[in-house]
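Chains, contacts and geometry: an overview
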Amino acid sequence: QVQLVESGGGLVQAGGSLRLSCAASGRTFSSYAMGWFRQAPGKEREFVAAISWSGGSTYYGDSVKGRFTIARDNVKNTVYLQMNSLKPEDAAVYYCAAAQTVATLNYAGYWGQGTQVTVSS
């Protein structure tokens, strides 16, 4: 069982930065692939970034490549999403997810409650 709690969302101006955190409970955090997804009002959930259990492999959605960075700390049971050069279209609720593999993150059984990111133009 894994419980996920996101934090770090807020209001930022376009071009600014935010760092999201997702704290996980459970002793098996280091065995899970982790990911970030987002959903804006009226839109489908969108893949943002993912990281393998070891942190050795990372993946990004096309819309955030070069601007966002995912990282994890398996000692602190936390995964991070550093978001730079934010655009108004990045505004959404951001969700953290955990799954056995990166490939199954979209069907993950474990999700956080989400954190709101608002980007003003």
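The present account deals with the structure reproduced in this document. Being a predicted model, the structure only gives us computed values, none of them experimental. (Residues numbered from 1 in each chain as written. Predicted model: local features only at pLDDT ≥ 70, side-chain atom pairs only at ≥ 80, totals over all residues. Heavy atoms only, no water.)

1. Re the environment of L18
Mapped onto the elements, L18 comes out in strand β3 (residues 18-25). Beyond its immediate sequence surroundings of up to four residues, L18 is in contact with G8, G10, V12, L81, Q82, M83, L86 and V117. (Helix = DSSP H or I, 4+ residues; strand = E, 2+ residues; numbered from the N terminus. Contact = heavy atoms within 4.5 Å.)

2. Overview of the nonpolar core
Formed by 28 residues in total, the largest nonpolar core has its most connected members in M34, W36, L81, M83 and Y94. For this core, the secondary structure elements donating two or more residues are β3, β4 (33-39), β5 (46-51), β7 (68-73), β8 (78-83), β9 (92-99) and β11 (115-120). Ranked by size, the runner-up nonpolar core spans six residues in total, among them F37, A99, L105 and A108. (Core = buried A, V, L, I, M, F, W, Y, C linked by side-chain atoms within 4.5 Å. Buried < 20%, exposed > 50% of the residue type's maximum accessible area, 1.4 Å probe, protein only.)

3. A word on the side chain of E6
Topologically, E6 is positioned in strand β1 (residues 3-7). R45 provides the closest opposite charge to the buried, salt-bridge-free E6, at an N-O distance of 10 Å. Within the structure, E6 has its side chain in polar contact with the backbone nitrogen of C96 (distance 2.7 Å). A polar side-chain atom of E6 sits 2.8 Å from the main-chain amide nitrogen of G114. Once residues lying within four places of it in the same chain are set aside, the contact partners of E6 are S21, C22, W36, Y94, Y95, C96, G112, Q113, G114 and T115. (Lys, Arg positive; Asp, Glu negative; His and termini not counted. Salt bridge = Lys/Arg side-chain N within 4 Å of Asp/Glu carboxyl O. Polar contact = N/O pair within 3.5 Å; in protein donor to acceptor, adjacent residues only side chain to side chain.)

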